[in-house]
Each structure stands twice: as C-alpha cells, then as structure tokens.
Amino acid sequence: MVKLLTHPLIKLISLLIGVWLGFEALSHVIIEGLWFQEIGYLGTYLKRLFCQFALWGVTTSFSLWFLWGNLHQAKILQWNGVPETPPSAKKRRRERAKPSSQVFPESRPIKLFGLLLVVFGLGGLMGLMLIYYSQVAYTVWTPDLTLPNITPPLPSPFFFNSVPELLSQLSKHLLKLGVVAGIIIFMLINPQFWLKTMAILFSLVFGLVLSGNWTRILQYFQSTPFSEVDPQFGRNLSFYVFKLPFWELLNFWLGGLFLYGFIAVSLIYLLSGKSLSQGKFPGFSRDQLCHLYILGSFLMSIVGLYHWLARYQLLYSTRGVVFGASYTDVHVALPLDTMAAIAAISIAFWLFIKGITGWGKYPKGSLKYSALPRLPFSRLPFILYLTILLSILFITEGVQSFVVEPNELAREQPYIERTIALTRRAFDLDKISIETFNGTGTLTDKDLEKNRLTINNIRLWDSRPLLETNRQLQQIRLYYKFLDADIDRYTISTEIDGQKPITAKQQVLIAPRELDYNAVPQQAKTWVNQHLIYTHGYGFTLSPVNRVDQGGLPFYFVQNIGTESNEGELQTASSLIRDSIPIDNPRIYFGESTDTYIMTNTEVKELDYPSGQDNVYNVYDGRGGINIGSWGKRLLFAAYLKDWQMLFTRNFTGDTRLIFRRNINHRIRKLAPFLRFDRDPYLVTAEVKNDSNSPKKTTLYWIIDAYTTSDRYPYSDPGDRNFNYIRNSVKIVIDAYNGDMNFYIVDPSDPLTQSWSEIFPNLFTDLTEMPSTLKAHIRYPKDLFNTQSERLLTYHMGDPQVFYNREDQWRIPQEIYGEKQQPIEPYYLLMSLTNDAQEFMLFTVYTPTSRNNLIAGLFARSDGDNYGKMLLFQLPKQRVIYGPEQVEALINQDPVISQQISLWNRQGSRVIQGNLLVIPFFTEQSLLYVEPLYLEAEQNSLPTLARVIVVYENQIIMAKTLNEALDSIFKPSEINPSTIIRKLEENDGIIIPES
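Residues numbered from 1 in each chain as written. Predicted model: local features only at pLDDT ≥ 70, side-chain atom pairs only at ≥ 80, totals over all residues. Heavy atoms only, no water.

1. Focus on the overall build of the chain
For the chain, the helix and strand inventory stands at 30 helices and 36 strands. The principal-axis extent of the C-alpha atoms belonging to the chain is close to 130 × 80 × 55 Å. Taking all 995 residues of the chain together, 56% fall into the buried category. A separation threshold of at least 6 residues defines the contact pool for the chain, and within that pool the share at least 24 residues apart is 71%. Charged side chains of the chain number 92 positive and 91 negative; the gap between the two group centres comes to 17 Å. (Helix = DSSP H or I, 4+ residues; strand = E, 2+ residues; numbered from the N terminus. Buried < 20%, exposed > 50% of the residue type's maximum accessible area, 1.4 Å probe, protein only. Contact = heavy atoms within 4.5 Å. Lys, Arg positive; Asp, Glu negative; His and termini not counted. Charge placed at Lys NZ, Arg CZ, Asp CG, Glu CD.)

2. Observations concerning the confidence of the model for the chain
When pLDDT is averaged along the chain, the result is 88; 92% of the residues meet or exceed 70. Low confidence marks residues 986-995, where pLDDT is under 50. Its contacts with residues over four positions away, or in another chain, come to 17 contacts. (pLDDT = per-residue confidence, 0-100.)

3. Side note on the side chain of Asn-70
One can find Asn-70 in helix 3 (residues 42-77). Note on Asn-70: relative accessible area 12%, which makes it buried. At a separation of 2.8 Å, a polar atom in the side chain of Asn-70 contacts the side chain of His-291. Once residues lying within four places of it in the same chain are set aside, the contact partners of Asn-70 are Val-265, His-291 and Leu-295. (Polar contact = N/O pair within 3.5 Å; in protein donor to acceptor, adjacent residues only side chain to side chain.)

4. What to know about unusual backbone geometry
As a rule of thumb, non-glycine residues mostly have phi less than zero, and peptide bonds are mostly trans rather than cis. Backbone geometry at Asn-585 places phi at a positive 45 degrees, although glycine is not the residue there. Considering the arrangement of structural elements, one finds Asn-585 in the loop between helix 21 (575-580) and strand 12 (587-588). When its relative accessible area of 9% is taken as the criterion, Asn-585 is described as buried. Even without being a glycine, Lys-642 presents a positive backbone phi close to 55 degrees. Mapping Lys-642 onto the fold places it in the loop between helix 22 (631-641) and strand 17 (657-659). Relative accessible area serves as the criterion here: at 46%, Lys-642 is assigned to the partly exposed category.

5. Some words on the packing of helix 7 (residues 174-189) against helix 8 (residues 191-212)
The axes of two packed helices give the description: the angle between them and the distance between them. At their nearest, the axes of helix 7 and helix 8 sit 6 Å apart, and the two run at 135 degrees to each other. Comparing the axis directions of helix 7 and helix 8 gives the class oblique. Where helix 7 abuts helix 8, its residues Ile-183, Phe-186, Met-187 and Ile-189 lie against Pro-191, Trp-194, Leu-195 and Met-198. Partitioned by chemical class, the residues of the contact of helix 7 with helix 8 number eight nonpolar, no polar and no charged. (Axes fitted to C-alpha atoms, helices over the stretch in contact; angles between N-to-C directions. Parallel < 35°, antiparallel > 145°, perpendicular 65-115°, else oblique. Nonpolar A, V, L, I, M, F, W, Y, C, P; charged D, E, K, R; others polar.)

6. Let's talk about the sheet that holds strand 16 (residues 626-627)
With antiparallel pairing, three strands are arranged side by side in an open sheet as 13-17-16. Here the strands that pair on one side only, and so sit at the sheet edges, are strand 13 (598-600) and strand 16. (Pairing = 2+ DSSP bridges.)

7. Some points on the pattern of salt bridges
Enumeration according to the criterion identifies 35 salt bridges in this entry. Note that Arg-489 is salt-bridged to Asp-488, the shortest N-O span being 3.4 Å. What makes Arg-489 buried here is its relative accessible area of 3%. A residue is classified by how much of its surface remains accessible, and Asp-488, at 0% relative accessible area, is buried. For the salt bridge of Arg-861 with Glu-839, the shortest nitrogen-to-oxygen distance reads 2.4 Å. You can see Arg-861 sitting in strand 29 (residues 856-861) and its partner Glu-839 sitting in strand 28 (residues 839-848), a full 22 residues away along the chain. Of the residues examined, Arg-861 reaches a relative accessible area of 15% and is grouped as buried. (Salt bridge = Lys/Arg side-chain N within 4 Å of Asp/Glu carboxyl O.)

8. A look at the pairing of strand 33 (residues 926-937)
For strand 33, the tally of buried residues reaches 10 of 12 residues, placing the bulk of the element in the interior. Pairing of strand 31 (residues 909-913) with strand 33 involves five bridges; the strand directions are antiparallel. Across the sheet, residue Gln-913 finds its bridge partner in strand 33, namely Leu-933. The pairing of strand 32 (residues 917-921) with strand 33 spans five bridges and is antiparallel. Across the sheet, the residue bridging to Val-918 is Tyr-929, located in strand 33.

9. A look at helix 30 (residues 962-970)
Among all positions in helix 30, only Leu-962, Ala-965, Leu-966, Ser-968, Ile-969 and Phe-970 are buried. Summarising the contacts, the buried residues of helix 30 are in contact with helix 17 (445-450), helix 18 (452-455), strand 33, strand 34 (944-952), strand 35 (955-959) and strand 36 (980-983).

10. Focus on the pairing of strand 22 (residues 741-745)
Burial runs high along strand 22: four of the five residues are buried. Sheet topology note: the strand 21 (residues 725-735)/strand 22 ladder contains five bridges and is antiparallel. Bridged to Lys-731 within strand 22 is Tyr-744. Taken together, strand 21 and the strand that follows it, strand 22, pair antiparallel across an intervening segment of five residues, in which Gly-739 is found at a positive phi of about 85 degrees. Relative to strand 23 (residues 764-766), strand 22 runs parallel, the two sharing three bridges. Along strand 23, the bridge assignment pairs Phe-743 with Phe-764. Regarding the hand of the β-α-β motif, the stretch spanning strand 22, helix 24 (residues 751-759) and strand 23 is right-handed. (Right-handed = clockwise from strand over helix to strand, strands pointing away.)

Listed below in structure tokens is the structure:
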C-alpha cells in the first residue's frame, strides 16, 4: 500500500488535487471577503474568519498531535514478534541470580474467537464514530438557508447516546454499512497505515465541528449576565445560555478524541505479535497496559465531565409533570449524577496514577523484574460506577412511579411554580398587561362614527384571494411573480365622492412584482438572458384592505406599469395617492425570489419593463455589485460560481459588476447566522433622506424581523419548538435596489443582543438611527406573536393547582377558510385600546378547550413608544359570549344564507369563506364579527368579493358591502333591498353550538 502511494503518477495526481483544493479554498475566502467588503461589513467577516480558522487550526493540530503521538508510542511498544511466555516459578527460582531484560505479557491471553470479537467490535465502533462525527460536521457546514434559524444544533456531548440510532441507520443505508465493514477489513490488512489515516480524518472532522460552532465559543468568552439566577443551583442564567453549550462542545470533542485514541491503540496492540496467524493474542505487556491506563484515565475524566454537566441538564428534563427538574430529578437523579461524576473522576485519577507509576514495576534487569509481580487491579471502582449507572436507570423510574405519582401535586408543586415563572419570563409573557372586557356593551351609530378609522380598516381582502387576482391581472409577463402580499399601514390622502381630501392611516396589502427566471420560456433560457438581461423585478401593487372595485375586484391605489405621462411609472389611483405613496425607481434587484447572480454595466442592456408589445431596457446605476473588470477576478468568480462562461464572454467591460447573493433571506443569514429570522419579510415604499438631506433614488426597502433565541433557558417549556427563550431584538432593513443592510437593535436589554453587540460592535445600530419614514412601518412580527400566543394557552395559569389540573386551558379556535378548517391566524387591526389615537396592532382570540365560547383576546402593539407592549383582555367566565366557531356555525346553519351559498356553488363557481374577524371595541365594551365571502370560478380563478357577513348580538347580516351591512344594523331606515337580515330567534331549527 505504501509503495503504491509513492508511485510518481499517484504523487502527480495528489499534487494536482491539492493545488485544485487550495485554489478552491483561496477563491472562496477571497470572494467572500469581496462580498463582505461590498456590503460594508468586512471587519465582521475577518473577525469571524480568524475565529473559525483559529478554532480549526488549534483543534485539528492538537487532535492530530495527540492521536499520532499515541499511535507512534503504540508502534514502539507493540509486539514485534511472537512474545515468549513468562518462565515458570521453578525456572524463576533457578535463574533468580541472573538478571533478565526480556518483556513478557502480563495480562491474560485472548483466544482467536474472543480476539476476533474484540477487534470486530472496536473496528465497528470506530466506523460508527466516523459516520456520526462526519454527519455532525456536514450538518454544521451545510445549513438550510430556508429555515428561520441556521445555527447548527449542538451535538450530543456523549457519543454512546447516539449509538442506537446509528445502528438503526446501518440497516437502512447500505453505504453506511459498507463504511463500517470497510474499516474493519482495512484494520485487518494494514492497521498502522489505516489508523493513521483515520486519525487525520477524525482530526479534520473535529476541527470542522468546532470551527462551525464558532458562535457558541465566541459567546462563551463574551457572555453577558442575566438579571436572575436559576432556582436550583443559584447560578446566573448566563451560565446556562452562554457557558454550558461551550462545555458540552468541549466534552463532545475530547470525548471523541480520547475514545478514538483508546480504540486505535488497543487495536495496534491486539493485532501485533502475529496474533491472528497464531490464533490468539498473548496478552498485554506492562508498558502497553500503562499506556492504555493513561488513555483510559483521559476517557474516564471526560465521562466524569459528562456526568457533571448532566446535573445541569436536569433543568431541561421532561420526566415530571412539567418541563425542567422535577422532584425525582432533584432528589434522586441529581445526587446519583453527582456520585457518577465523582466515581468517574476517581477512576480516571486511579488509572492515571496506575499508568504513571506502574505499581509494582521494577527496573529492567533487576532480579525482582524477572519475578513478574501481578499488577494490582481492583474492580471495585468500576463496579461502583456501573451500580450508579444502573441506579440512574432504575431507581429514578421507581421513585417516579411509586413515590411521586401517587402524591404528584404535593411533590411537584414547587417545580410547577418554577416552570410557570421561568417559561413566562423566557417568552416575555410576564410583561403582558391584563384587563377585563365585558363584551356585552351596546354599539350605536355614533360609536361607529367615533371608531370610523377602525371600521374603514376592517380587512375584507386576504392575501390569498388578492394574490390570485394579482397573478391574473398584474403579472403582465410570465417572468414576473407575486410571491407574497403583506399587511402594512400608510398615511394616505384620499378623496371620496368629491368631498374634501382626508388624510388618515390606511391598512393596505402591498405585493412586490419580482422577477422569476424559472418562468422564462425554455427556449429563452440562455446564459446571456439569465445573467445579463433578466436582472430585476419592477414595482408593486398596493390596495386597501377594505375597498372593492367594479365587479368585486380589489381596488388598487398602485398598480400596472406605465402611465400616460410616464411609461415606466407605476399607475396610481389619483394624484393624492401619488403624493402619499413613493413610487420612484421601483426596481427590485434584491428580493425573496431573486436566486440568480447577475452582471451589470455590460455590453448588453438589461430588460427594465415591458411597454406594450415592446420592452424598455436600462443600465443599473446602483451601488451594489463587485467590479470584475480584471481577468484575475473573473477567474476567481468563475471558480467560485462554477461558471466558466464568464471567462469567454465578450460582453464584459471594464466597469462590469457582478451582483450575487441577491435573495434577501440568504443574504441576512450569511451575514448574521447566529440570529433567528422571521419567515415573512415585507416590502416598504418610503422616501429616506441621506446626510445631504436629499431623497435617495431608492424608495423600496425590505424589513425583516430577527430574533435572539436559546434552547438553554432553565425550566422554560419550549413546547413543540426547538428554542425556549426568544426576544425580538433586531429589525433588519434591506435596500431593494442597492442591497445595503442595516441591523437596528429593538431590545437593548436582551443579554444575547448585548453579547453580539460586543462581539460585532459595527454590525448593529440603535433603533433611534432608523429613518422615521421606515420606523413608521415596523410592526409586531407574526412569528413571535404566534409563539407567545401558543405558550399563553397554558401559561396564563399562574396557580400551580389550576395549572396541574389544566382547569383553565385555552386553545386557538378553528375557522372554515374555503372548504378547509384551520386555526384562526392572528390579524392586524387599526384601532384604539383606550381613548388614545388609533394604533396598528396584532390580535388573536382564545376559547376554552372544553367549550367554544370566547374567553380572551391578545393584542400586540406596533406604533411608536408602545411598540412591543401586549394586552390580554379576558371575558367574564360566568357569561356566554359566542366564539368564532359558534358564530360561523350560526352563519352556515342559517337556511337563507346557506341556500344562497349553495346556489352560487352550483353555477360553475365556488364560494370561499374568508377569515372570520372578531373586532373588539374597547371603549364601548362590545364585539363585532365580520366575514367576507369570495366568489371564484372553478377554472381561471379570479376571486371577487361577493358579500360581507356581519354578526352583531342577535342579528346576522349578509350584504354586498360592509357599510351596507352596518347600516342595516345601526341605520334600519337605510336598508338595501338585497341585504339579507336574519335574527337568531327567528331561525327555526338552528342548532346553537353548546356553550
């Protein structure tokens, strides 16, 4: 094997592969550096690169030094031939006067069957280790950029915890089974060579894993204290969030390193002395045993560290009735883990002393040396350790079953209190204000006028039907795409029915018109089209959530491309809208669908927008992109992007710039992988002033919410999520034209944000630095709100006994959307909680688990100084107030309304029941229910708003518009003949749901 590797051809191939890999690595580092320099965060990249390279270098070097050093020592101490058996006692007495320098086996021999069993077992274990650690490294370095969080999960600190799962994988993946079998075969053929090769592989993998976890290591050295300690150990919570993951990572690395070292050295000794051909292993020599004792001591010290860390892991236990350390964990598992840690460390110390001193080892050549005294060996520490392990497995379950469960509430009450308090703190539920809402007040026409802004912003259009309409009417060309429509609010001046213009906040749906290159016809998918011509999307639609155009279609404030006065300008509904909504330079070079890299300022002009049967072309003049005028940069980018046509095209000029990583989700994850990102970026159109106080050319910006999260907050129940602590700490603004990114700190009190601000001081900016025109559009994010509202279902109960009995458990009510039942999603409202100004806020409702009546509602505020404040209103439990499911049942059971819906469904179309909205009026202590009905053709879907259903007190109204429905209730003299009015007491045969 060695001769084959020294062959000149093999050397040449190896050299070429090395040069190629080196060039790949160099080009990657340089290109990444150029990209970070372009976006203005080169210092952040260099600090991160230095940290990763230092971690990889130190970890790999130390691992390789340790493993190769031990393998070299094992090679010296191995049996070079068949060792002689030790002399008999009679012979030793006869030759006592004559010194002996011969080394004999001092342990029992192992016969062939036992030897093969041990060798195969150790080889198989080594194969499982290689698979496991390689999988961890692969996971670390190949994050899924579509996920909200791309921080790699912390691997299990103890390899043996993953062995059952690895064994189950072998039967399903033949490749993994082949790896294990191959390693065993190679060990038998040439153990020295392959064990050294494996040492190199393991060292590289260890380096990759630790360098890939650079975020945890940086946080360890830059930890920020919390304002509280855990109730069990009295440690500051920063220990669990910042320091415990580091120690587990260290345990993971050293555990794998020492385990492989012990296995590799054992295999060298077991396969030496022609043991396989002789049919038995003669035994270990004294020096071999000392070597193994020292390695065993290292391994047991890491086992001791694992048990010591397991004590703190009890604060995330799921054994008891609640999350966190329970009665059994504290009174049984904790002392047993402590004893196991002490026992493992004691064994490690005992083995180390035994390996260093030899205990009974005499100088070679002495008379006593030839007598071969037995090396002292005690099984007591190991028996004690194994007894503790068995106790952890069985005693804890026995105590849980026979001591705790018969008296569970009394035993677990202190721990239930801990879980409630810390879960509420971790998810920011302890800051929610609580008020009582009567829900039985009476609304009048005057009340509606006083709340006119709320009425005018009741959402009749959902993003789903609006997007369907946009795709039919506003895509204009195949290559344009409306990926999403987002709720926002704008201050807009409007003129209705010739009256004086009114300026007010208006809730709108804004939908960006992005370019989707995948939709370009196959014949047109050329390299030039992909990278030089189809470069950007153009414009957006903006429509109020409450207005309907002719034919029941959405009314657009902004739509189309091109007006009579300016072909490239977006079309606005009026000059007042044009003054209210910035529409200058609506080009979208950076967005959610922009997954291609492009070259600008080339000999080929870019497609700007379609104009009739022709197209208008443009040249990008923004700040984005990296100049690739030189051949050296072209070569680096060609290697990095695997696009060799860049080297041969004649379309480039000296000013050509390459723009890549244009997908905003990939862009922010590359810059700040330690944050968790909201799944719903939204577009904002706003004029932003620069330092010279003149408008920038760009008016389109993306706003993305980012969170700091942790899964190490003690006692905090994560539910179905992979984190148990979250803060909405950062707002990210991305320029849709230039690609500039700014990270604004929203919650400076968050310790994780403080830690990252100290690590990367140039990355974050205070929220006061955000331009006011953009700050007016920040909103409380749905992902965070969904998380908090889900946790509140259980953790609104503060009394331990009520919590234990789940007496007041809530749930998210269901609604029918179209023909499917789904949980009611949170929705934005423009309304006033008190007598203050109207605010933009997020809202959801709750019902009890055993009943369908309304029990509570949760608000999250978004405007000004009130941003992030939350209010929970609770309805009296002794009164029955219809919940959304009951109201929807009343609508669907009404014979007149259901007959009309059935009639529409039989005429080549189908009715889509939109979101049922609960609209609370706080000052009036009253509720209004609103549900839109959309009509959609079975083919060539173009949804239209057909009717609006309003439910108030004992009336169900179905009308063409919301105003008509409200007038039918509050202005009976102005009833439209087409309006359907149903009173609940007149609905014969209606089954009112149980409440």
